[in-house]
Amino acid sequence: MTTNNRSWTVSAQQDVNYRVETTFDILDPANPTLIDGEYGSRRLIVTDTTVDALYGEKIRAYAEANLTEHRILVLPHGESNKRWIAVETVLEAIESFKLDRRREPVIAIGGGVLTDIVGFACSIYRRNTPFVRVPTTLIGIVDASVGVKTGVNFQAGKNKIGTYFAASRSLLDTSFLASLGARHVSNGLAEILKIALIKDRDLFSLLEEHGASARAGRFQQHSDAEQQIIDRAIAGMLEELEPNLWEQNLERLVDYGHSFSPTVEMKALPELLHGEAVCLDMALTTAISVHRGLVSAEQARRVFTVMGKLGLPVSHPAMTVGNLLEGLADTTRHRNGLQRLPLPVGIGAAVFVNDLTPADIAAALEILASAAQFEGAAV
Ligand SMILES: NC(=O)c1ccc[n+]([C@@H]2O[C@H](COP(=O)([O-])OP(=O)(O)OC[C@H]3O[C@@H](n4cnc5c(N)ncnc54)[C@H](O)[C@@H]3O)[C@@H](O)[C@H]2O)c1
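The numbering scheme is per chain: residues are counted from 1 as the chain's sequence reads. Only residues with pLDDT of at least 70 are given local features in this predicted model, and only at 80 or more are side-chain atom pairs given and counted; all residues enter the totals for whole chains, interfaces and linings. Water and hydrogen atoms play no part in the side-chain values, which are based on all heavy atoms of the structure.

Quick look at the overall build of the protein
Across its full length, the protein carries twelve helices and ten strands. Here the C-alpha radius of gyration of the protein, 21 Å, is about what a compact globule of 379 residues would show, namely 21 Å. Overall size of the protein, expressed as C-alpha extent along the three principal axes, is 75 × 60 × 30 Å. The buried share of the protein, taken over its 379 residues, is 54%. Only heavy atoms enter the contact rule, under which two residues are in contact if any of them lie within 4.5 Å. Relative to all contacts within the protein whose residues are 6 or more apart in sequence, the contacts with residues 24 or more apart total 78%. About 16800 Å² of surface is accessible on the protein, with carbon and sulfur atoms providing 50% of the total. For the charge count, each Lys or Arg is scored as positive and each Asp or Glu as negative, with His and the chain ends excluded. By convention, the charge on Lys lies at NZ, on Arg at CZ, on Asp at CG and on Glu at CD. Here the protein contributes 36 positive and 45 negative side-chain charges, whose respective centroids are spaced 5 Å apart. Labels follow the DSSP assignment, with helices taken as runs of H or I lasting at least four residues and strands as runs of E lasting at least two, numbered in each case from the N terminus. Radius of gyration: over C-alpha atoms. The globule rule applied is 2.2 Å multiplied by the number of residues raised to the 0.38 power. Relative accessibility decides the category of a residue: with a 1.4 Å probe and only protein chains considered, values under 20% of the type maximum give buried, values over 50% give exposed, and everything between is partly exposed. Accessible areas in this description were obtained via Shrake-Rupley with a 1.4 Å probe; residue shielding takes into account the shown protein chains only.

Take a look at the structure:
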């Protein structure tokens, strides 16, 4: 009898290829972009109640003109519905539609909540069912439909369960933004501001100059400035994501604004939108950088002023030392025991630190309390 231990090592790599492309008036029945000619002509389309109320007729007209068979599944809208039950509803619809998953990608039309839910369901249905994302919110266009993360909230945890799963295509159409509420436009602008603050000073200048008018006009002026704001945000995001798609490197610049905010957002749910919570985190970390001499008072004034112009908050009652420390502890756990906290350096650059103390947070909150005086700052 032999009792020696034996082992086998498996090593494999996964190819990831997906396209993020812009289109205009995607629901025009004459626009072929949504139905890729290579595939069959049955489709399961998933959307949410708000998008259905606004665009349901157009979606149905498009489907009737271009598909031999379709089913439209309408999920309840909103962050509070970003839960496992919604994933199950999508799985049931895929099953009952008898989807041929190799030829009939699921189409998700909606904001980040909807595309995250559908992406999650598709990633686990037979372990891989292709889907196409059509974001209808600004946060969807510049962020949620650009990367590969899917998921839903679980218990008190923001996006606690999910997968890395790329949509085969993300089709970005800013004409959807015409119907978006101002607060949701600001929500998306927060993620654009994030890219500006950590790596793109020119994008920051564009936001300083044109952010307020882009927000007021919901990006419908189709000006050079509006296009540049969106394109620079997407390009900056992809530049960070592509070399680290599976997040093996835990020092991620795109985590800027996402260190304290998951806890703050969940504590304040449904009061705070995702981008608002991200902005609160960015305001706090800007103040921490002022405290540590990494950002000047004048630079901070410009940052807080832009936040105000974009309709974003710099303070909130949920930003207590207790909540912030709880958030940092949770984030540190997920970053393998180190804070790996991105802090802005000036405008357009950042550094990672691991030595943040409760005193830093208390000092930053004091700086933020006086930030309310800055021109245009919304608190
Ligand atoms: N997967 C990722 O990498 C990633 C990145 C960023 C954010 N997210 C997630 O995205 C979510 C936030 O995205 P969101 O703000 O798009 O959320 P959302 O999907 O809840 O959309 C916001 C609201 O706008 C409505 N809406 C959507 N399109 C509209 C339109 N064209 N006109 C009018 N109303 C419209 C929605 O019904 C909803 O009520 C969060 O859950 C966040 O975790 C994911």
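Digging into the pattern of salt bridges
Salt bridges are counted wherever a side-chain nitrogen of Lys or Arg sits within 4 Å of a carboxyl oxygen of Asp or Glu. Summed over the entire model, instances satisfying the criterion amount to 26 salt bridges. Between Arg42 and Glu104 there is a salt bridge whose closest N-O contact spans 2.7 Å. Of the two residues, Arg42 is situated in strand β2 (residues 42-48) and Glu104 in the loop between α2 (84-96) and β4 (106-110); the sequence distance between them amounts to 62 residues. The exposure classification of Arg42 matches that of Glu104, with both residues buried. As a salt-bridge pair, Arg103 and Asp100 come within 3.3 Å of each other at their nearest N and O atoms. Taking the relative accessible area as the measure of exposure, Arg103 reaches 45% and is therefore partly exposed. One salt-bridge network, held together by shared partners, links Lys149, Glu247, Arg252, Asp255 and Arg335.

Points about the site of the ligand
Residue proximity to a molecule or strand is established when one non-hydrogen atom of the residue lies within 4 Å of it. Of all residues adjacent to the ligand, which total 26 residues, the nearest are Asp48, His77, Glu79, Thr136 and Thr137. Contacts to the ligand include Glu79, whose side-chain N or O atom sits 2.6 Å from an oxygen atom. One of the side-chain N or O atoms of Asn159 is found 3.1 Å from an oxygen atom in the ligand. Counting only elements with at least two residues in the shell around the ligand, the list comes to α1 (49-66), α3 (112-124), α4 (138-144), β7 (157-161) and α5 (182-199). The leading source of residues in the shell around the ligand is α1, at four residues. Only Asp, Glu, Lys and Arg are considered charged in this grouping, and only Ala, Val, Leu, Ile, Met, Phe, Trp, Tyr, Cys and Pro are considered nonpolar; every other residue, Gly among them, is considered polar. When grouped by side-chain class, the residues that make up the shell around the ligand number eight nonpolar, eleven polar and seven charged. Whenever a nitrogen or oxygen atom comes within 3.5 Å of another N or O atom, the pair is scored as a polar contact, on the condition that within protein one atom can donate a hydrogen and the other can accept it, and that pairs from neighbouring residues in sequence are kept only if both atoms are in side chains.

Brief notes about the sheet that holds β4
Backbone-to-backbone hydrogen bonds pair the strands of a sheet. The strands run either parallel or antiparallel. Think of it this way: DSSP has to see at least two bridges between two strands before they count as a pair. Reading across the sheet, the six strands line up as β1-β8-β5-β4-β2-β3 and stay open at both edges, with parallel pairing between neighbours. With partners counted over all chains shown, the strands left at the sheet margins are β1 (19-22) and β3 (69-75), one partner each. Direction aside, neighbouring strands of the sheet carry axes that sit 20° apart on average. For β2 and β3, the ladder comprises seven bridges, and the chain directions are parallel. Residue Ile45 lies in a different strand from β3, and its bridge partner there is Ile72. Angles run from 0 to 180 degrees between N-to-C directions of axes, and those axes are lines fitted to C-alpha atoms, restricted for helices to the stretch in contact. Docked against the sheet, α1 engages β2, β3 and β4, running at close to 160° with respect to β2. Across the face of the sheet, α2 comes into contact with β2, β3 and β4 while running at roughly 165° to β3.

Looking at the domain arrangement of the protein
Parsing the protein into structural domains produces domain 1 (19-179) and domain 2 (182-371). For every domain, the bounds stem from an assignment made automatically or drawn from a database. Centre-to-centre, using C-alpha coordinates, domain 1 lies 27 Å away from domain 2. Residue-level contacts link 24 residues of domain 1 with 30 residues of domain 2. Counting across the domain 1 and domain 2 interface gives three salt bridges. For the salt bridge of Asp330 with Lys160, the shortest nitrogen-to-oxygen distance reads 3.6 Å.

A closer look at the packing of aromatic side chains
Ring pairs are drawn from Phe, Tyr and Trp, using the six-membered ring of Trp, whenever the two centres fall within 6.5 Å, and their geometry is named by plane angle: stacked under 30 degrees, edge-to-face over 60, tilted for the rest. Taken as a whole and judged by the stated rule, the model has four aromatic pairs. A centroid spacing of 5.9 Å and a plane angle of 65° characterise the contact between Trp84 and Phe120, whose relative ring orientation is edge-to-face. Placement of the pair is Trp84 in helix α2 and Phe120 in helix α3, with a sequence separation of 36 residues. Under the relative-accessibility criterion, Trp84 is labelled partly exposed at 36%. Judged by relative accessible area, which is 6%, Phe120 ranks as buried. Aromatic pair Phe131 and Phe165: ring centres 6.0 Å apart, planes at 10°, arrangement stacked. On the criterion of sequence distance, the pair formed by Phe131 in strand β5 (residues 131-135) and Phe165 in the loop between β7 and β8 (169-172) is long-range, its members being 34 residues apart. According to the relative accessible area criterion, Phe165 is buried, its value standing at 11%.

Thoughts on unusual backbone geometry
One can expect most non-glycine residues to show negative phi and most peptide bonds to be in trans. Cis geometry is adopted by the peptide bond preceding Pro270, which originates at Leu269 and carries an omega value of 5°. By the element assignment, Pro270 lies in the loop between α8 (261-268) and α9 (274-291). Of note in the backbone geometry, Asp25 takes a positive phi value of approximately 55° without being a glycine. Position of Asp25 among the secondary structure elements: in the loop between β1 and β2. Exposure remark for Asp25: the relative accessible area of 29% places this residue in the partly exposed category. Positioned with a positive phi, His222 is a non-glycine residue whose angle comes to about 50°. You can see His222 is positioned in the loop between α6 (201-216) and α7 (224-241).

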